[in-house]
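Examination of the molecular architecture
The primary structure of each chain is shown beneath.
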Amino acid sequence: MDDTPPSSNPFSQVPIEITISVGKARPLVRDLLRMKRDSILPLDRRVEDPVELYVGDKLIARGELTEMEGESNGQLAVRLTEVVDLQNGL
């Protein structure tokens with residue numbers, strides 16, 4: 001493996017999209033057909049439950065939702081609580 005510092009690696013400047021999964025919903029089709037604006041779709045998790053971070057379909061970390069302060073006040077963010085050891089899993 002190359003021990004080159006990340007800042008000198010040309011790939012370090014390539015953006016990557018991370019998907020944050022906050023939960024899943026499993027409604028019946030008939031319930032989906034009845035949905036309209038302001039309908040509520042319950043998820044299988046609570047607000048304080050951990051969220052999962054994915055790159056593609058690969059779990060890379062877990063964390064908790066938090067709210068930014070300062071200039072970004074009110075913007076959602078994720079505080080990492082676990083990072084996957086890509087060699088051995090979590």
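Keep in mind that what you see is a predicted model, and the values were worked out from it rather than measured. (Residues numbered from 1 in each chain as written. Predicted model: local features only at pLDDT ≥ 70, side-chain atom pairs only at ≥ 80, totals over all residues. Heavy atoms only, no water.)

Positionally, Val22 belongs in the loop between strand 1 (19–21) and helix 1 (29–34). Along the chain, Val22 and Val51 lie 29 residues apart, while their C-alpha atoms are 5.0 Å from each other. If we skip the residues at most four places from it in the chain, Val22 touches Leu43, Arg45, Val51 and Leu65. (Helix = DSSP H or I, 4+ residues; strand = E, 2+ residues; numbered from the N terminus. Contact = heavy atoms within 4.5 Å.)

Quick look at the pattern of salt bridges now. Tallied over the entire structure, the rule returns 7 salt bridges. With its nearest N and O atoms 3.9 Å apart, the salt bridge here joins Arg30 to Asp31. Sharing partners across several salt bridges, the network here consists of Arg45, Glu52, Arg62 and Glu82. (Salt bridge = Lys/Arg side-chain N within 4 Å of Asp/Glu carboxyl O.)

Taken together, the 5 bridges between strand 2 (residues 51–55) and strand 3 (residues 58–67) define a ladder with antiparallel strand orientation. Bridge pairing in strand 3 places Leu53 opposite Ala61. Taking the residues between adjacent antiparallel strands as the criterion, strand 2 and strand 3 are bridged by 2 residues, where Gly56 takes a positive phi near 65 degrees. Relative to strand 4 (residues 76–83), strand 3 runs antiparallel, the two sharing 7 bridges. Within strand 4, the position partnered with Gly63 by the bridge is Leu80. (Pairing = 2+ DSSP bridges.)

When you line up the elements, Ser21 lands in strand 1. For Ser21, a relative accessible area of 18% translates into the label buried. Those residues in contact with Ser21, other than ones at most four positions away along the chain, are Arg45, Val51, Glu52 and Tyr54. (Buried < 20%, exposed > 50% of the residue type's maximum accessible area, 1.4 Å probe, protein only.)

Together, Ile16, Ile18, Ile20, Val22, Leu43, Leu65 and Leu76 make up an exposed nonpolar region whose accessible area comes to about 610 Å². With respect to the secondary-structure elements, Leu76 resides in strand 4. (Patch = residues over 30% accessible without salt bridge, like charges linked within 9 Å, V, L, I, M, F, W, Y side chains within 5 Å. Areas by Shrake-Rupley, 256 points an atom, 1.4 Å probe, with all protein chains shown as cover.)

Under the local residue numbering, the UniProt record ascribes the feature "domain: Flagellar motor switch protein FliN-like C-terminal" (unreviewed entry) to residues 12–84. Here residues 12–84 runs as 8% helix and 36% strand, with 19 Å between its end C-alpha atoms. (UniProt positions renumbered as here; feature names shortened; annotations may be inferred.)

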